[in-house]
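Structure at a glance
Spelled out, the chains give:
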Amino acid sequence: MFMQNAWYAAAWGSELNDKPLGRRICDRPVVLYRLSDGTPAALEDLCCHRLLPLSHGNIEGDLLVCGYHGLAFDRTGQCVRIPSQTRPGARARVRSYPIVERHRLLWIWIGGPALADPAQVPDLHWNDAPGWAFAGDMLPMACDYRLIIDNLLDLTHETYIHPTSLGHDLIPGTPIETVWDDDSVTVSRWILDHQPAPFWARMIERARGWRGRCDRWQIVKFVPPSNVVLDVGVAEVNSGAREGNRAKGVTGRQLNSLTPATATTCWYFWSLARDFAVEDEELTRELQATVRRIFAEDQLIIEAQQRAMLENPGARMININLDAASIRMRRMIEARGAAARSQAA
Ligand code: FES
Ligand SMILES: [Fe+2]
C-alpha cells in the first residue's frame, strides 16, 4: 500500500527524551528511543513475549526493557535478558529498523534494510543551515497522506482556505508551470506587481521596511515518497526576483514531510525556515503560531474531504487543469511501489 523502500520522517529529534516513543508508520508499530550516547534506534513496537508495545517500557542504558515482564532488547532487536530465565534464545527478538537523524528529523527505513542508503535521506538542510531560522511542529492528521501532498502541490487553495493570511484574488488566475523528471514534480507560479497578501505584507515590512507592491513566487517541489519543499516569498516589485536576485525580498522554505500512519491517517511534519530576521525570536514564535493556525484551516478541509471520500466510495471525481502535478505525484508513488514489488518477487 505504501512505498516501502524509502526514508520517512518518523519524529522530530526533539521529540525523543528519556522515554520510548511509539508511532505507527506505514501501518507498522514502531518504537523510537535514544541509546546512552544519543544515537537514535527504532524497533518493532511489539514485545515478542506477549505483544505489549515496547513503548510502554523503559530505556536502561542502551537497552529497551518491556514494561510487562522485563525482557530487555538491544538496538538490533535481540532480546539479551529474560529476568526469570538464564539465557534468552535467538528467537527472542523483534524487528529493528534503520534510522538516521538529519536536519532535525529522525528518518526511518521501512523496506529491506540492505537497501537503506543514508545518502538518499531527503534534503531538508534549511532546517538547521546557517543563515536560516527554524519554526516547526508535527500535526497528526486523519487523512490519506497524499491528500496533503495534493493540497501543497496546488496553492490555489490559499485563496479559499486561507483568505486572511496567504490568500489573494490574483492567485487562481495566475498560470502555473508544471514540470517533472524521474525524481520530482515541480509547480511554479509568479504573481507579479500586486499589493501582497496580509502574511507577506507583514513579513516584508518587518524584515525590510517595505510597504509597497511586490512580486511573489510559489515554487513547490514534490520528492517521493512524501516530501514537499516550498520555496515561497515576496520581493519589492521589479527588483529582479524572478531573474534570480532576491536581495530585496524575503524567502521562506516551507518544508513538509508526510508520513503514513495508516491508509487514512498520517503524521504531518512541517517547518518554516526563513532567511530574514533570523535572530528575531519573537518573530519565530509568531510564525510558529501563525503557521499552526493556517494548517488548522487546511486540516479542517482535508479531513472533511477524507471523511466524504470514505462515506462515498466510488463517487465520481473530475480533474481540472490544476491537477496535473497531483496526478503525476500519484503515478510516481505507484510506479516506485510496483518496481519495488517486482524486485522483491
Ligand atoms: S509482554 Fe513483554 S515481557 Fe512479557
Ligand atoms: Fe494550506
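Residues numbered from 1 in each chain as written. Chains lettered and ligands numbered in written order. Predicted model: local features only at pLDDT ≥ 70, side-chain atom pairs only at ≥ 80, totals over all residues. Heavy atoms only, no water.

On the basis of which strands lie adjacent, the open sheet formed by three strands has the order S1-S11-S10 and antiparallel pairing. The open sheet terminates on both sides in strands that have one partner only, identified here as strand S1 (7-12) and strand S10 (99-102). The sheet shows a mean angle of 30° between the axes of neighbouring strands, direction not considered. In terms of strand pairing, S1 meets strand S11 (residues 105-109) through five bridges, oriented antiparallel. Bridge pairing links Trp-7 to Trp-109 in S11. (Pairing = 2+ DSSP bridges. Helix = DSSP H or I, 4+ residues; strand = E, 2+ residues; numbered from the N terminus. Axes fitted to C-alpha atoms, helices over the stretch in contact; angles between N-to-C directions.)

Only His-157 (NE2), His-162 (NE2), Asp-298 (OD) and Asp-298 (OD) from the protein coordinate the iron ion (ligand 2), and they sit 2.1 to 2.3 Å from it. Angles of 57 to 146° at the metal separate the four donor atoms of the iron ion (ligand 2), which places the site in the irregular class. Mapped onto the sequence, the donors of the iron ion (ligand 2) take the spacing H-x4-H-x135-D. Separated by 136 residues along the polypeptide, His-162 in the loop between helix H2 (158-161) and strand S13 (177-181) and Asp-298 in helix H4 (residues 281-311) bring together distant segments of the chain. Each member of the pair His-162 and Asp-298 is classed as buried. (Donors = N, O, S within 2.8 Å, 3.2 Å for Na, K, Ca; no water. Tetrahedral: all angles 85-135°; square planar, octahedral: opposite > 155°, others 65-115°. Buried < 20%, exposed > 50% of the residue type's maximum accessible area, 1.4 Å probe, protein only.)

Turning next to the packing of helix H1 (residues 145-153) against H4. Helix packing geometry: the angle between the two helix axes and the distance between the axes. The interhelical angle for the contact between H1 and H4, taken along N-to-C directions, is 130°, at an axis separation of 10 Å. Taken together, the axis directions place H1 and H4 in an arrangement best described as oblique. In this structure, H1 meets H4 at a crossing whose hand is right-handed. Only Asp-298, Ile-302, Gln-305, Gln-306 and Met-309 of H4 make contact with H1, whose side of the interface consists of Leu-147, Ile-148 and Asn-151. When its residues are assigned to classes, the contact of H1 with H4 shows four nonpolar, three polar and one charged. (Parallel < 35°, antiparallel > 145°, perpendicular 65-115°, else oblique. Left-handed = near helix turned anticlockwise from the far one by under 90°. Contact = heavy atoms within 4.5 Å. Nonpolar A, V, L, I, M, F, W, Y, C, P; charged D, E, K, R; others polar.)

Most of strand S4 (residues 40-44) is tucked away: four of the five residues are buried. Hairpin connection of strand S3 (residues 28-34) to S4: five residues between the antiparallel strands, including Gly-38 at a positive phi of 95°. Pairing analysis gives two bridges linking S4 to strand S9 (residues 96-97), with the strands arranged antiparallel. Within S9, the position partnered with Leu-43 by the bridge is Ser-96.

Splitting the protein by domain gives domain 1 (7-120) and domain 2 (125-339). Computed from C-alpha atoms alone, the centre-to-centre distance between domain 1 and domain 2 is 33 Å. Contacts between the two partners involve 16 residues from domain 1, matched on the other side by 19 residues from domain 2. A combined buried area of about 1,400 Å² lies between domain 1 and domain 2, and 61% of that area is made up of carbon and sulfur atoms. Interface area lost by domain 1 to domain 2 is led by Trp-12, His-103 and Arg-104, which between them contribute 40%. At the junction of domain 1 with domain 2, the criterion picks out zero salt bridges. At the junction of domain 1 with domain 2, the criterion picks out eight residue pairs in polar contact (both at pLDDT 80 or more). Contributing elements (two or more residues each) for the side of domain 1 that touches domain 2: S1, strand S2 (21-25) and S11. With six residues, S1 is the largest single contributor of residues to the side of domain 1 that touches domain 2. Here the side of domain 1 that touches domain 2 is built from residues that sort into 10 nonpolar, one polar and five charged. (Domains from an automatic or database assignment. Buried area = accessible area lost by both parts, 1.4 Å probe. Salt bridge = Lys/Arg side-chain N within 4 Å of Asp/Glu carboxyl O. Polar contact = N/O pair within 3.5 Å; in protein donor to acceptor, adjacent residues only side chain to side chain.)

We now examine the environment of Ser-257. By secondary structure assignment, the location of Ser-257 is in strand S17 (residues 249-262). C-alpha of Ser-257 to C-alpha of Arg-213: the two residues are 44 residues apart in sequence and 33 Å apart in space. A distance of 2.7 Å separates the side chain of Ser-257 from the side chain of Asn-227, its partner in a polar contact.

Once that is clear, we can look at the pairing of S13. Across five bridges, S13 lies against strand S14 (residues 184-194) in antiparallel orientation. Each residue of the ladder has a partner; that of Asp-181, found in S14, is Ser-184. Connecting S13 to the next strand, S14, in antiparallel fashion are two residues.

Enumeration according to the criterion identifies 16 salt bridges in this entry. Between Asp-137 and Arg-292 there is a salt bridge, and its shortest N-O distance comes to 2.7 Å. With a gap of 155 residues between them, Asp-137 in strand S12 (residues 133-141) and Arg-292 in helix H4 connect regions that are remote in the sequence. Residue classification places Arg-292 among the partly exposed positions, given a relative accessible area of 42%. Of the charged contacts in the structure, one is a salt bridge between Arg-206 and Asp-280, with a shortest N-O distance of 3.0 Å.

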